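Observations on chain architecture
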Amino acid sequence: MTTETKGPSQPLTERTAWKALQAHFPAISGAHMRALFRDDPRRGERMAVEAAGLYLDYSKNRATDETMRLLLQLADESGLRERIDAMFRGDKINVTENRAVLHVALRAPMGDTILVDGKNVVPEVHAVLGKMTRFADAVREGEWLGYTGKPIRNVVNIGIGGSDLGPVMAYEALRHYSRRDMTFRFVSNVDGTDFEEATRDLNPEETLFIVSSKTFTTLETMTNAHTARSWIVGKLGQHAAVAKHFVAVSTNAEEVEKFGIDTANMFEFWDWVGGRYSMESAIGLSTMIAIGPENFRAMLAGSRAMDEHFRTAPFDKNLPVLMGLLAIWYNDFFGAETIAVLPYEQYLKRFPAYLQQLTMESNGKHVNLAGAKVDYQTGPIFWGEPGTNGQHSFYQLIHQGTKLIPCDFIGFYQTLNPLGNHHDLLMANVFAQSEALAFGKTVEEVRAEGTPEWLAPHRVFEGNRPSNTILAERLTPEVLGKLVTLYEHSVFTQGAIWSIDSFDQWGVELGKVLAKRIVPELEQSSAELQHDSSTNALIRRYRKYRKSD
Ligand code: F6P
């Protein structure tokens, strides 16, 4: 392994820019955005960047030009440029799994060359896209028939984590473009309720299951896939029906075959696509069936435009870099623990959930690339809900609570569902919220409204609460690709500066291993228990009260 892959030689907290940011922090933490805007009337236009069709206003942040200069210097000192080049080149930057990180290859145009172990992967990507296209068209056009000769009307994706969150988010986000005469469902949880509710009203003769699993060994997915197979075989009475009602998306042909799916009906992807970065690989098969191959390719084109922007734009005009740096500023200097993502677009209702895996599985790491414990905070907690709903729920805490919560507002100039003045009302709320968060309401303003003195403190809004606002024309497949990729590369930027491996996920392993050990202990009530006293007592209690069937 080269030193280069282990990150910059100087530990983060010893880098010149880091120390300069520490020295700079008191001046900024004591400054109010009211003053920053008053002293710089053009701040709102100056601290904004438009690229690849997305407009980012980052002026409502607790940052000055000097802050941005130092953060950009930190990016340079952290070797961000080299890390970006290494990713796009296909270097094995996922060091703990010894893998390349090439979701960017999923949207590379035919003719590009990206080498993994000396082999150009771009032709394979396009071959799979071609196979997906033919299959999606056959299903959409009623040419792919179920076992009894009926066309497919229901598509059920079975997968979890990256093999679920991307597809379900993209389906919801692009529902406007989807086939309304077909039903799309997503089963992820090992809780039988998920499968039961997803299938209870479906006609098996018209139902296609897509078993999506990179490894094809994940407990939840394989349990649901076996249940689905029994459901199909039980209802249609023939094992041969499996061939017409199941396809697989996986890197593991051997396991797919063992399960009983013909590998001719398997859509391949590769170990260099991380699960949480896979929605534009064959994992997006359900998306392609829903919105059609052309729209799917438009989504890829959007991601590609953002890839190119990230790869080539100077950092001070680079959307993912700026967002990543500001996330670091709040996380590591202000001690903010979370970031709220607030899309003012109902179709993006699953976007925060999708981002949770993308950001937290990527950057929730406590050691750096060299395996040393970090002495700084890494990945913030991402959460959120669509506006305006969140305003009537948790925004109170963002406005007047004791915690600092940087927010990302996402809005669109045009709605996909023009209905009276709904869209103006929606967007008025985006602008009002970021304004209220930044500027608040002083006690003088509250008093001037005639508020009694005892009530005044309750009605004061301190303001100085930071936000980004991201605007785009309207939610098209292309724009969705851009948004997803904006966050992918913002996550990359943060991980590169923290010198962590943003592409492994060892933290999910221990729980899986322990669950495997506990399963037989639940099934055989005589099994001896050798856990801690709490776990033993919980298992005994469950054994006692579980309903035996
Ligand atoms: O939760 C861990 C994880 O490995 C995720 O990273 C991944 O997206 C998910 O499980 C599903 O894995 P698979 O696609 O192999 O079933």
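To be clear, the structure that these remarks concern was listed above.
The paragraphs below set out a description of the structure included in this document. As the structure is a prediction and not an experimental result, all values here were calculated from the model.

Time to look at the layout of surface pockets. There is about 1100 Å³ of room inside the largest pocket. Taken together, 40 residues make up the lining of the largest pocket; nearest its centre are T215, T218, V508, E509 and K512. Top contributing element to the lining of the largest pocket by residue count: helix α21 (residues 509-523), with seven residues. Residue classes in the lining of the largest pocket are distributed as 13 nonpolar, 17 polar and ten charged. By volume, the second largest pocket is sized at about 320 Å³.

Taken as a whole and assessed by the stated rule, the structure comprises 27 aromatic pairs. Centre to centre, the rings of W18 and Y376 are 6.1 Å apart; their planes meet at 55 degrees, and the pair counts as tilted. One end of the pair, W18, is in helix α1 (residues 16-29); the other, Y376, is in the loop between α15 (351-363) and β11 (381-383), and 358 residues separate them in sequence. In this structure, W18 and Y376 share a single accessibility class: buried. Consider the rings of Y330 and F334, whose centres lie 5.4 Å apart with planes at 45 degrees: the pair is tilted. In this pair, Y330 and F334 are both assigned in helix α14 (residues 319-334), four residues apart and thus about one turn of the helix distant. The two residues Y330 and F334 agree in class, both being buried. Among the aromatic residues, those joined into a ring-pair cluster are W18, F25, W329, Y330, F333, F334 and Y376. Residue placement shows R229 over the ring face of F259; its charged tip is 4.5 Å from the ring centre.

What follows covers the site of the ligand. Taken together, 13 residues are adjacent to the ligand, and G162, S163, S213, T215 and T218 come closest. One nitrogen or oxygen atom from the side chain of S163 is found 2.6 Å from an oxygen atom belonging to the ligand. Side-chain polar atom of T218 to an oxygen atom of the ligand: 2.5 Å apart, as the coordinates give it. Here the ligand loses 86% of its free accessible area of 390 Å² to cover by the protein chains. Of all the cavities here, the one that holds the ligand is the largest pocket. Considered class by class, the residues forming the shell around the ligand number two nonpolar, nine polar and two charged.

With that out of the way, let us pick up the sheet that holds strand β1 (residues 48-51). Here six strands make up an open sheet; going across it, the order is β1-β2-β13-β12-β10-β11 and the pairing mixed. For this open sheet the edge positions go to β1 and β11, each flanked by a neighbour on one side alone. With strand direction ignored, the average angle separating the axes of adjacent strands in the sheet is 15 degrees. Across three bridges, the pairing between strand β2 (residues 54-57) and strand β13 (residues 467-472) is antiparallel. Across the sheet, the residue bridging to Y55 is L471, located in β13. Lying over the sheet, α15 contacts β10 (338-343), β11 and β12 (407-412), oriented at roughly 165 degrees with respect to β11.

So, about the nonpolar core. Among the nonpolar cores identified, the biggest contains 124 residues, and W272, I289, W329, F351, L480, L483 and Y487 are the most heavily contacted of them. Here the element with the most residues in this core is α14; it accounts for twelve residues. Filtering out sequence-adjacent residues up to four positions away, L480 remains in contact with M169, A170, A173, L174, M279, M299, L348 and L475.

Within helix α7 (residues 165-173), nine of the nine residues are buried, which leaves the element mostly enclosed by the surrounding structure. Every buried residue belonging to α7 is among L165, G166, P167, V168, M169, A170, Y171, E172 and A173, and all of these are buried. Those residues of α7 hidden inside the fold are in contact with β5 (154-158), β6 (183-187), α12 (285-291), α15 and α20 (477-498).

Further remarks concern the environment of T251. Counting through the fold element by element, T251 comes out in the loop between β8 (246-250) and α11 (253-259). According to the relative accessible area criterion, T251 is partly exposed, its value standing at 33%. Taking C-alpha positions, T251 is 7.9 Å from S213, a pair spaced 38 residues apart along the chain. Sequence-distant contacts of T251, that is, excluding residues within four places in its chain, are made with S213, K214, T215, M266, F269, W270 and D271. Polar side-chain contacts of T251 include one of 2.5 Å to the backbone oxygen of K214.

So, how was this worked out
- Residues numbered from 1 in each chain as written.
- Predicted model: local features only at pLDDT ≥ 70, side-chain atom pairs only at ≥ 80, totals over all residues.
- Heavy atoms only, no water.
- 1 Å grid on protein atoms, 1.4 Å probe; cavity = no way out; pocket = protein on both sides within 12 Å on 5 of 7 lines; lining within 4 Å.
- Points joined across faces, edges and corners; volume = space filled by probe spheres on them.
- Helix = DSSP H or I, 4+ residues; strand = E, 2+ residues; numbered from the N terminus.
- Nonpolar A, V, L, I, M, F, W, Y, C, P; charged D, E, K, R; others polar.
- Phe/Tyr/Trp six-rings, centres within 6.5 Å; stacked < 30°, edge-to-face > 60°.
- Buried < 20%, exposed > 50% of the residue type's maximum accessible area, 1.4 Å probe, protein only.
- Lys NZ or Arg CZ within 6 Å of the ring centre and 35° of its normal.
- Near = heavy atom within 4 Å.
- Polar contact = N/O pair within 3.5 Å; in protein donor to acceptor, adjacent residues only side chain to side chain.
- Areas by Shrake-Rupley, 256 points an atom, 1.4 Å probe, with all protein chains shown as cover.
- Sits in = over half its atoms within 2 Å of the grid points.
- Pairing = 2+ DSSP bridges.
- Axes fitted to C-alpha atoms, helices over the stretch in contact; angles between N-to-C directions.
- Contact = heavy atoms within 4.5 Å.
- Core = buried A, V, L, I, M, F, W, Y, C linked by side-chain atoms within 4.5 Å.

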